[in-house]
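# Fold and contact review
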Amino acid sequence: MAESTIHSERAKTTTRLEEQQTGPKIHKTPHMVIWTPTFILTFFCILVVILSVDAAMIPGWLSRDFRGEKLLIVHVGGIFLAFLALIAIGRSWWLRLGGLLGCLWTLFMSLSLIVSLRGIDPTSPVIIQLNVAMNTSLLATFICLSIDRAPIRRWDNWFFALALGISVVGTLLAFFLAPASTRSLLTLGNPIAATTQILSLLVWWLRPSCWQTHPGPTFLIGVYPFITLMLAIPNLATTEDNFYLLLVAHLSLFLGILRVIQAERMDWYHQSASDKPDEVEGSETPLQAG
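Residues numbered from 1 in each chain as written. Predicted model: local features only at pLDDT ≥ 70, side-chain atom pairs only at ≥ 80, totals over all residues. Heavy atoms only, no water.

## Some points on the environment of A55
Here is the rule we go by: Secondary structure elements follow DSSP: runs of H or I of four or more residues count as helices, runs of E of two or more count as strands, with numbering from the N terminus.
Relative to the helices and strands, A55 is located in helix α2 (residues 37–62). On a C-alpha basis, the gap between A55 and Y244 in space is 7.4 Å, while along the polypeptide they are 189 residues apart.

## Remarks on the pattern of salt bridges
The cut-off we apply is this: Counted as salt bridges are all cases of a side-chain nitrogen of Lys or Arg within 4 Å of a carboxyl oxygen of Asp or Glu. Each residue gets one of three labels from its accessible area relative to the maximum for its type: buried under 20%, exposed over 50%, partly exposed in between, using a 1.4 Å probe on protein chains only.
Per the counting criterion, the structure on display carries five salt bridges. The partner of E264 in a salt bridge is R149, with the nearest N and O atoms 2.8 Å apart. Placement of E264 in helix α10 (residues 239–274) and of R149 in the loop between α5 (125–147) and α6 (154–176) is noted, with a sequence separation of 115 residues between them. Overall, the relative accessible area of 4% leaves E264 in the buried class. Judged by relative accessible area, which is 37%, R149 ranks as partly exposed. The partner of D156 in a salt bridge is R207, with the nearest N and O atoms 2.7 Å apart. With D156 in helix α6 and R207 in the loop between α7 (189–205) and α8 (208–213), this residue pair connects regions lying 51 residues apart in the sequence. The structure contains a network of salt bridges with shared partners spanning R91, D148, R149 and E264.

## Structural notes on the side chain of D54
Defined as follows: Charge convention: Lys and Arg are scored as positive, Asp and Glu as negative, and His as well as the terminal groups of each chain are ignored. Whether two residues are in contact is decided by their heavy atoms, any of which lying within 4.5 Å being enough.
By secondary structure assignment, the location of D54 is in helix α2. K70 provides the closest opposite charge to the buried, unpaired D54, separated from it by 15 Å. Setting aside residues up to four positions removed in sequence, D54 forms contacts with L71, H75, Y244 and L247.

## With respect to the layout of surface pockets
Heads up, the condition is: A 1.4 Å probe that fits but cannot get out identifies a cavity on a 1 Å grid over protein atoms alone, an open set with protein on both sides within 12 Å along at least five of seven lines counts as a pocket, and a residue lines either if it has an atom within 4 Å of a point. Grid points are joined across faces, edges and corners, and a volume is the space filled by probe spheres set on the points. Residues are grouped as follows: Ala, Val, Leu, Ile, Met, Phe, Trp, Tyr, Cys and Pro are nonpolar; Asp, Glu, Lys and Arg are charged; all remaining types, including Gly, are polar.
One number sums up the size of the largest pocket: a volume of about 1,100 Å³. Lining the largest pocket are 36 residues, and of these M109, S112, N131, M134 and L246 sit closest to its centre. Where the lining of the largest pocket is concerned, the elements lending two or more residues are α3 (68–89), α4 (93–117), α5, α7, α9 (215–231) and α10. With seven residues, the top contributor of residues to the lining of the largest pocket is α7. Residue classes in the lining of the largest pocket are distributed as 21 nonpolar, 14 polar and one charged. The space that makes up the second largest pocket amounts to roughly 260 Å³.

## Some words on the packing of aromatic side chains
Applied cut-off: In summary, the pairing rule links any two rings of Phe, Tyr or Trp, Trp by its six-membered ring, whose centres are within 6.5 Å, and it sorts them by plane angle into stacked for under 30 degrees, edge-to-face for over 60 and tilted for everything else.
Enumeration over the complete set of coordinates arrives at twelve aromatic pairs. Geometrically, the ring pair formed by W35 and F39 is tilted, given 5.0 Å between the ring centres and 50 degrees between the ring planes. Taken together, W35, F39, F43 and F44 form an aromatic cluster joined through their ring pairs.

## Topic: the confidence of the model for the chain
Put simply, the rule is: pLDDT measures how confident the predictor is about each residue, on a scale from 0 to 100.
Per-residue confidence for the chain gives a mean pLDDT of 80; residues scoring 70 or more make up 78%. A low-confidence stretch, residues 17–30 (pLDDT under 50), is modelled with 13 contacts involving residues beyond four sequence positions or located in other chains.

## Quick notes on the nonpolar core
Threshold: Nonpolar cores are built from buried Ala, Val, Leu, Ile, Met, Phe, Trp, Tyr and Cys residues. Side-chain atoms within 4.5 Å join them into one set.
Membership of the largest hydrophobic core comes to 44 residues, with the highest contact counts inside it found for F83, L86, W105, L253 and I257. Of the residues forming this core, the biggest block, eleven residues, is contributed by α10.

Here it is, written out as structure tokens:
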């Protein structure tokens, strides 16, 4: 008994000396893994199934068995559910605010599709105002999602300052360069919608901090504004290709939000694992940044 007590005292003394020389021992916490086997399988199953279903629906759309807006509404509904899940699981205010703004975007998008089903002229003031509201809310959503987890560096500050200045100047130039007979507040609608759509792409793809911290959402979510901008170019593709690419854009946005949700879920797991270092050291499940 005396020997064990002496040994314990010696061990404590040795530990104190080591901590004085090298600092206190810190439990090594594993890095966070995002692309787990289950998530990879789920991700690619969703990708393959939805792409296959969309491709199978194209002939029916071409033969006018149904309106394309109805299929787009289904896609937007899925994105709405993804944003709701992001609000429920997100811990940071950036994610929650991005989810709320994303739900607002799906509302405007659905209204735009419903108005299109009614056969209203695309150049009518209602459509223009819906486009402005829709693109502005989408830009605000992307800003919130891109800022979460990404450090704000010097280039990010410059980017947001330049984007704001160039957007304001470009919109005013488009307004004052328009013919005086057609100049009105509605004239600002199309330049604002186009500018916010371009910024929705640049806020992801032109910021290195996004590519370094979360390359998955940066690519997947950025595909949506990229495709929609390409589809705005006249005679770039056939009507069938344009419609299918629009469906692919919505799918890419859905998968990007799904990837953000998975990162938040694994962050929860990583946090709980960090709170139990003894269990982590004996665990065989690696958590590695991906």
